[in-house]
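Listed below are the residues making up each chain.
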Amino acid sequence: MIKISNIKKGFTLIELIVVFASIAFLSIIGIASYRTYSQSQSLQAATQELVTTIQLAKSRANSQVKPPVCVNQLDGYSVEISIASSNYTLNVVCSGNSYPLQTTTLPNNITFAPYPDTNVTKLFFTVITGGVSGGGTIAMTGYNQTRYIIVDSVGIAQLLLNPPTPTPTPTPTPTPTPTPPPWTQRADFGGIARVSAVGFGIGSKGYIGTGYDGAYKKDFWEYDPNINAWTQKADFGGTARVNAVGFGIGSKGYIGTGHGEDGAYKKDFWRYDPNINTWTQRADFGGIARVSA
């Protein structure tokens with residue numbers, strides 16, 4: 001007698017429960033990981049956007065970009081931070097007055113951390129000098145994470161994931177205080193007062209020229225310490241400019257880079273020969289045009 005069995009073996013109820021529980025557990029872990037990553041990226045993007053705004057303010061101040069709203073003298077650009085309102089504003093500063101150009105509000109759940117984590121609420125970049133007033137630390141917090149922006153004394157902004165490490169104060173070692181040599185005032189500079197000039201030394205004499213006093217300069221002067229006197233020499237061979245770089249090699253002096261009243265960065269280079277009081281153009285600087293090199 002032949003028996004035919006129709007019984008089919010499948011999963012038991014316990015096995016099905018284990019499988020579905022495992023799938024649910026892995027799904028929860030995946031969703032949580034994605035959410036954490038998304039929140040971290042949101043905070044990172046918000047912080048980077050502020051760094052970009054700070055860099056824009058510095059760049060516009062260095063280049064002396066003057067928007068239409070600025071009808072008077074351009075003083076510089078500022079970035080003002082409102083901790084209470086969770087926003088920051090890029091301003092142009094003209095004759096002491098600030099004019100807002102754009103205001104950015106932080107995304108939901110992201111705020112500025114209060115003092116002492118954030119110890120600066122206004123950064124002001126001046127024209128010509130390119131420096132910053134109000135450097136320090138800005139901290140953004142959100143989703144149990146914090147990002148830090150460090151702005152140094154020349155206005156360079158750096159993004160950090162961890163709080164800046166304070167520089168330890170060294171323990172002073174008592175040493176006898178040497179008597180400094182006395183300073184003696186010498187003859188005033190032969191040209192008119194100015195800022196952002198450039199100089200170099202050749203032999204026993206010093207040379208200073210270019211700069212800015214409300215107008216861009218290209219006059220050049222020689223100082224002789226033996227007779228304590230300034231003598232005007234041939235004007236700088238290039239266009240008038242500020243924030244150039246200068247150095248002496250052997251019996252010649254060299255000046256190049258900087259920027260002039262057209263706002264364009266320079267890369268031309270010039271050699272000065274004091275023996276014949278003449279400037280000669282040399283090969284352009286090998287890198288890109290720049291200021292304050």
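Please refer to the structure placed before this passage.
Residues numbered from 1 in each chain as written. Predicted model: local features only at pLDDT ≥ 70, side-chain atom pairs only at ≥ 80, totals over all residues. Heavy atoms only, no water.

Counted by the stated rule, this structure contains one disulfide. The disulfide partner of C70 is C94, and the gap between their sulfur atoms is 1.9 Å. Across the disulfide from C70 to C94, rotation about the S-S bond amounts to roughly -135°, and the bridge is consequently left-handed. Highlighted residues: C70 in the loop between α1 (13-63) and β1 (74-82) and C94 in strand β2 (residues 87-94), separated in sequence by 24 residues. Taken individually, C70 and C94 each receive the classification buried, so the pair is uniform in this respect. (Disulfide = S-S within 2.5 Å. Helix = DSSP H or I, 4+ residues; strand = E, 2+ residues; numbered from the N terminus. Buried < 20%, exposed > 50% of the residue type's maximum accessible area, 1.4 Å probe, protein only.)

Next up on the list: the layout of surface pockets. Its boundaries defined by the atoms lining it, the largest pocket holds a volume of some 180 Å³. Looking at the largest pocket, the residues that line it are Q64, K66, Q73, L74, D75, V127, I128, Y212, G214, A215 and Y216. Looking at the lining of the largest pocket, its residues break down into six nonpolar, three polar and two charged. (1 Å grid on protein atoms, 1.4 Å probe; cavity = no way out; pocket = protein on both sides within 12 Å on 5 of 7 lines; lining within 4 Å. Points joined across faces, edges and corners; volume = space filled by probe spheres on them. Nonpolar A, V, L, I, M, F, W, Y, C, P; charged D, E, K, R; others polar.)

Looking now at the environment of K66. Structurally, K66 is set in the loop between α1 and β1. With 27 residues separating them along the chain, K66 and V93 place their C-alpha atoms 9.7 Å apart.

Counting residues in each nonpolar core, the largest one holds 33 residues, and the members touching the most others are L50, I54, F112, L123, I138, M140 and I149. Secondary-structure elements contributing two or more residues to this core are α1, β1, β2, β5 (122-126), β7 (136-142) and β8 (145-151). Among the elements that line this core, the one with the most residues is α1, at seven residues. Listed in part, the 11 residues of the second largest apolar core include V198, F200, I202 and W270. (Core = buried A, V, L, I, M, F, W, Y, C linked by side-chain atoms within 4.5 Å.)

Only one face of strand β10 (residues 198-202) is covered, namely the face carrying V198, F200 and I202; the face carrying G199 and G201 is uncovered. For β10 and strand β11 (residues 205-212), the ladder comprises five bridges, and the chain directions are antiparallel. Residue I202 lies in a different strand from β11, and its bridge partner there is K205. Following β10, the chain reverses through two residues before pairing antiparallel with β11; G203 in that reversal takes a positive phi of roughly 60°. (Pairing = 2+ DSSP bridges.)

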